[in-house]
There are 2 protein chains.
Amino acid sequence: MGSYTVRAIGTLPLINPGDDLPALLIRAVESSGSFEDSDVLVLAQKIVSKAEGAVVDLQTITASAEALQLAAQTGRDPRLVQVYLDEAKEVLAVKGRMIITRHKLGFVGSSSGVDRSNIAPHEAGRVVLLPRDPDNSARVVRARVLEHTGKTIAVIINDSCGRDYRDGSVGMAIGIAGIGAIETAEKVDLFGNVSHPRIALVDEIAAAASILMGQAGEGVPAVLVRGLTFTVSEKARITDLL
Amino acid sequence: MGSYTVRAIGTLPLINPGDDLPALLIRAVESSGSFEDSDVLVLAQKIVSKAEGAVVDLQTITASAEALQLAAQTGRDPRLVQVYLDEAKEVLAVKGRMIITRHKLGFVGSSSGVDRSNIAPHEAGRVVLLPRDPDNSARVVRARVLEHTGKTIAVIINDSCGRDYRDGSVGMAIGIAGIGAIETAEKVDLFGNVSHPRIALVDEIAAAASILMGQAGEGVPAVLVRGLTFTVSEKARITDLL
């Protein structure tokens, strides 16, 4: 593996609830090329959530006492805070305006992964949640690509996440299909010393794709990574990494 | 920025203390191409440390009472633990065999960034430390490339680091030159909503390069990333991200 390329899939339409995302992705890739075996297709969480209708209208939300208290503490909309709580297993910390939770799916991050950007004017007051089962969302896309093109690819759904101890967000994987969560292959160094590094390759690929996506964006919501070597896994689950 | 490429620089010799690393890197890149403006050269921490002689012989180390106690607790060599302590500002946590510290440079991670792999037989008992001033190490390489080729590149020194809340390591930046630690450009989404995401682009690039390096490896200790758009900074410091 001497080199690889990371390419934006630029011709996707705006995604709406109920859209056939796999079909749109296949059409977009085939408009300027084709899938190859071992391609890794990286999808921004937002388009997966939108296609699946993982969207909540804040007008339908009533804030609990806990949400009202957290909202006052952080200066946020109480209904939005209620959505964070509904999506969370537990609140881990409150830092300034930031509410850090463990999402029901296991992910630790701010705002339970709930996102307000790229909401159209007619959708004002709606927020986008994480997909209900991101590994399954990835598996569906992978299966449809195999069915339509005969190519065996991997799919990663990524999201921008903050880190402890480091400022700024980076892309991380929140759903995977066809690629193991952790690369654990035994490595022998130049002098025969053996080690067993555990590499979060899916997070490194998620970060590499995120460079093209930027953070704000449905501008580049899908990226194709070509030329990687990785361990194919039919039973991959992102929770293996948590 | 529709695509970019990540390419291993494969023809570097084994690096030894005192080697002129910039000269070796320039020769290696020019053996199969040339630098272009806005290339990002990513260097594995290990080769920078080795060239700079940031290496310690454990035979010269005497373990303190604290090191002896931590070594007993974690089943590690007391002299190695002493090196962790010497490199650290503070010990943050002990988890099983892992000793998590805040390095003198500010980085939080296991073993104070001290590494034993890729040590030649005649170097048995030696361990590699982080470079003494990684930003300066990066600046020196960047300046030498400019001087020799006339091309303005960015340089990132990366290392494999673990994370809280997620299993497995990913590449992160520990030294930077010519590229800002955080991208903070205002973004306007498809519907005119404005946000100010803070993206740790240098960590995303470090991760993208790490995919080719693997973890064990001086096999691929240098990677060239071409086609990125980033904010050039002459005063970049990795500590801006800590």
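**Brief notes about the pairing of strand 8 (residues 154-163) of chain A**
Here comes step 1: Counting buried positions along strand 8 of chain A gives nine out of ten residues, so the element sits mostly inside the fold.
Here comes step 2: In sequence, strand 8 of chain A turns back onto strand 9 (residues 166-177) of chain A through a hairpin of two residues, with Tyr165 of chain A there showing a positive phi of about 70 degrees.

**Brief notes about the pairing of strand 5 (residues 98-103) of chain A**
Residues and elements named next belong to chain A.
Here comes step 1: Only one face of strand 5 is covered, namely the face carrying Ile99, Thr101 and His103; the face carrying Met98, Ile100 and Arg102 is uncovered.
Here comes step 2: Sheet topology note: the strand 4 (residues 88-95)/strand 5 ladder contains six bridges and is antiparallel. When the bridges of strand 5 are listed, Glu90 appears paired with Arg102.
Here comes step 3: The hairpin turn running from strand 4 into strand 5, its antiparallel successor, is two residues long, and Gly96 in that turn takes a positive phi close to 60 degrees.
Here comes step 4: Two elements, strand 5 and strand 6 (residues 108-110), share three bridges in a ladder whose sense is antiparallel. Within strand 6, the residue paired with Arg102 across the bridge is Val108.
Here comes step 5: The antiparallel hairpin formed by strand 5 and strand 6 contains four residues in its connecting segment, where Gly106 sits at a positive phi of about 115 degrees.

**Some thoughts on the environment of Ala207 of chain A**
Here comes step 1: Its place among the elements puts Ala207 of chain A in helix 6 (residues 201-213).
Here comes step 2: In this structure Ala207 of chain A comes out as buried when scored by C-beta crowding, with 31 C-beta atoms within 10 Å.
Here comes step 3: Linking Ala207 of chain A and Ser137 of chain A, residues 70 residues apart in sequence, is a C-alpha distance of 19 Å.
Here comes step 4: When sequence neighbours within four positions are dropped, the list of residues in contact with Ala207 of chain A reads Val170 and Gly171 of chain A together with Glu204, Ala207 and Ala208 of chain B.

**Some thoughts on the domain arrangement of chain A**
It is common to give the size of an interface as the accessible area that goes away when the parts come together.
All names here are of chain A.
Here comes step 1: Each assigned domain of chain A is listed here: domain 1 (5-54 + 131-241) and domain 2 (55-127).
Here comes step 2: Once you take the C-alpha centre of each, domain 1 and domain 2 turn out to be 25 Å apart.
Here comes step 3: Counting from both sides, the interface comprises twelve residues of domain 1 and, opposite them, nine residues of domain 2.
Here comes step 4: Put simply, the parts of the chain that give the side of domain 1 that touches domain 2 at least two residues each are helix 2 (45-51) and strand 8.
Here comes step 5: No other element matches the three residues that strand 8 contributes to the side of domain 1 that touches domain 2.
Here comes step 6: A per-class count over the side of domain 1 that touches domain 2 returns five nonpolar, three polar and four charged.

**Quick word on the sheet that holds strand 4 (residues 88-95) of chain B**
All names here are of chain B.
Here comes step 1: Taking strand neighbours across the sheet as the criterion, the three strands line up as 4-5-6 in an open arrangement whose pairing is antiparallel. Single-partner strands in this sheet number two, and they are strand 4 and strand 6 (108-110). Strand-to-strand twist across the sheet, computed as the mean angle between neighbouring axes with direction ignored, equals 25 degrees.
Here comes step 2: Packed onto the sheet, helix 4 (residues 78-87) meets strand 4 and strand 5 (98-103) and runs at close to 25 degrees relative to strand 5.

**Here we look at the sheet that holds strand 8 (residues 154-163) of chain B**
Here comes step 1: Strand order in this open sheet of ten strands is 9(A)-8(A)-2(A)-12(A)-1(A)-1(B)-12(B)-2(B)-8(B)-9(B), and the pairing throughout is mixed. The open sheet has two edge strands with one neighbour each: strand 9 of chain A together with strand 9 (166-177) of chain B. Each strand of the sheet is rotated relative to its neighbour by a mean of 25 degrees, with strand direction disregarded.
Here comes step 2: Summarising the sheet, strand 2 (residues 40-44) of chain B and strand 8 of chain B pair through five bridges and their orientation is parallel. Within strand 8 of chain B, the residue paired with Val42 of chain B across the bridge is Ile156 of chain B.

**Concerning the packing of helix 1 (residues 21-30) of chain B against helix 5 (residues 134-149) of chain B**
Residue and element names in this part refer to chain B.
Here comes step 1: Running from N to C, helix 1 and helix 5 cross one another at 50 degrees; their axes reach a closest spacing of 9 Å. As the angle between them shows, helix 1 and helix 5 are arranged oblique. The interaxial crossing formed by helix 1 with helix 5 has right-handed handedness. Contacts between helix 1 and helix 5 involve Leu21, Pro22, Leu25 and Ile26 on the former and, on the latter, Val140, Val141, Arg144, Val145, His148 and Thr149.
Here comes step 2: When its residues are assigned to classes, the contact of helix 1 with helix 5 shows seven nonpolar, two polar and one charged.

Thresholds, definitions, all that
- Residues numbered from 1 in each chain as written.
- Chains lettered and ligands numbered in written order.
- Predicted model: local features only at pLDDT ≥ 70, side-chain atom pairs only at ≥ 80, totals over all residues.
- Buried ≥ 20, exposed ≤ 12 C-beta atoms within 10 Å, placed from the backbone.
- Helix = DSSP H or I, 4+ residues; strand = E, 2+ residues; numbered from the N terminus.
- Pairing = 2+ DSSP bridges.
- Contact = placed C-beta atoms within 7 Å.
- Domains from an automatic or database assignment.
- Nonpolar A, V, L, I, M, F, W, Y, C, P; charged D, E, K, R; others polar.
- Axes fitted to C-alpha atoms, helices over the stretch in contact; angles between N-to-C directions.
- Parallel < 35°, antiparallel > 145°, perpendicular 65-115°, else oblique.
- Left-handed = near helix turned anticlockwise from the far one by under 90°.

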